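Secondary and tertiary structure notes
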Amino acid sequence: MRRSGTIARQVLWVRAGRPDGGLRGGVDRPLIERRFPQRRYPRYDAEVEAIVPVSPAVAPAPPVDEAVAISTPLLPGARTPARRMKFVLVNGCTLASLTLGMLAIFLAMQGEVRPAALCLIACVAFDGLDGALARRLGVASPFGAQMDSLADMCSFGLAAPVVVYASLAGSVPPAAAAVACALVASCAAIRLARFNVSPKDSRFFCGVPTTMAAAMLALTVAIGLPVSGLVLLGGVALLAFAMVSSFPYAKLARLVKLPPWVWLAPLVGALVDIRLTFALVVVGYLLSGPVLWLRQRRTV
């Protein structure tokens, strides 16, 4: 108790016993020695330093090494007029996809469901075009990748559910249609965010990509599948969960390498019955993910 009281008195003399009433950041050793000439506590110096109060009026010292913000250029590399024009062309395709998505929403609000679905199909075409042009012209950039992701969320994560909701009006309860479409929007956001932060695989997608899901929904509305509204509602919910699943789905580059007869079968089927052929292709593509997943687990 005596030792702690002595330390407390020393601290109080440092902070409140100065004639000028000033504050200092450390211990005033000469003042303590003049006040207590006969007492020495060298081993308690560390304790005194530890309990010295800090005045809230004293601003904290800035860090010595502060990181300097460096702006990232929108177009890495040489900024020649030719490369800038290519950069504008590629991002113009992205903006065209975004604009068509907004147009699809406006048409769906007015009851023009099929024209809205055709706008979504055009969105899919522009979305594939901007990435191909960026790689072909050598103007791929982090800015373009982020802009493409935002445009995909607007066109495929928002416009596609709105068009589907308008197409389901009158055939299913509005609350059920709203829940299914909100599920599509939520899963599309999760799918895009996961794609941005996950390592890229040149062979497979992890889950159904949002572009493919939007194309399936748009074609379903455009051709008018002759099924009940409840079946369509279940298909929409199933497609939403497929987007956030961990099943591997083949990319277009691998699908192109399939044997010619695989592509010939749906072409012939489309001439016979395009609706039935489309339904079989969609079901086959959705089932390919679980089949590949099971095959990979057996080979491991």
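Below, the structure is looked at part by part.

To continue, consider helix α5 (residues 113-137). Here α5 contains 25 residues, and its C-alpha end-to-end distance of 36 Å stays within 8% of the 36 Å for a straight helix at 1.5 Å per residue. Residues of α5 that are buried include every one of V113, A116, A117, C119, L120, C123, D127, D130 and A134, and no others. If you follow the buried residues of α5, they end up packed against α4 (81-109), α6 (142-167) and α8 (210-223).

With that out of the way, let us pick up the packing of aromatic side chains. One pass over the structure, following the stated rule, counts 3 aromatic pairs. A centroid spacing of 5.7 Å and a plane angle of 65° characterise the contact between F247 and W293, whose relative ring orientation is edge-to-face. With F247 in the loop between α9 (229-243) and β2 (248-250) and W293 in helix α12 (residues 274-299), this pair connects stretches of sequence that are 46 residues apart. Looking at F247, the relative accessible area reads 26%, which means it is partly exposed. Both rings, one in Y249 and one in Y285, keep their centres 5.3 Å apart while their planes meet at 35°; by these two values the pair is tilted. Placement of the pair is Y249 in strand β2 and Y285 in helix α12, with a sequence separation of 36 residues. A cation over a ring is seen here: K251 above F205, with NZ or CZ 5.0 Å from the ring centre.

What counts, and where the lines are drawn
- Each chain has its residues counted from 1, following the order in which its sequence is written.
- This being a predicted model, a pLDDT of at least 70 is required before a residue's local features are given, and a value of 80 or more before pairs of side-chain atoms are given or counted; all residues contribute to the totals for chains, interfaces and linings.
- The basis for every side-chain value is the complete set of heavy atoms in the structure, and neither hydrogens nor water enter the calculation.
- Every helix listed is a DSSP run of H or I at least four residues long, and every strand listed is a run of E at least two residues long, numbered separately from the N terminus.
- To estimate the expected span of a helix, count its residues, drop one, and scale the result by 1.5 Å.
- Only protein chains enter the area calculation, which uses a 1.4 Å probe; residues under 20% of their type maximum are buried, those over 50% are exposed, and those in between are partly exposed.
- Residue contacts follow a heavy-atom distance rule, with two residues in contact if any of their heavy atoms lie within 4.5 Å.
- Note on ring pairs: Phe, Tyr and Trp rings are taken, using the six-membered ring of Trp, and paired if centres are within 6.5 Å. Classes follow the plane angle, with under 30 degrees stacked, over 60 edge-to-face and the rest tilted.
- Cation placement over rings: the criterion is NZ of Lys or CZ of Arg within 6 Å of the ring centroid and within 35° of the ring normal.

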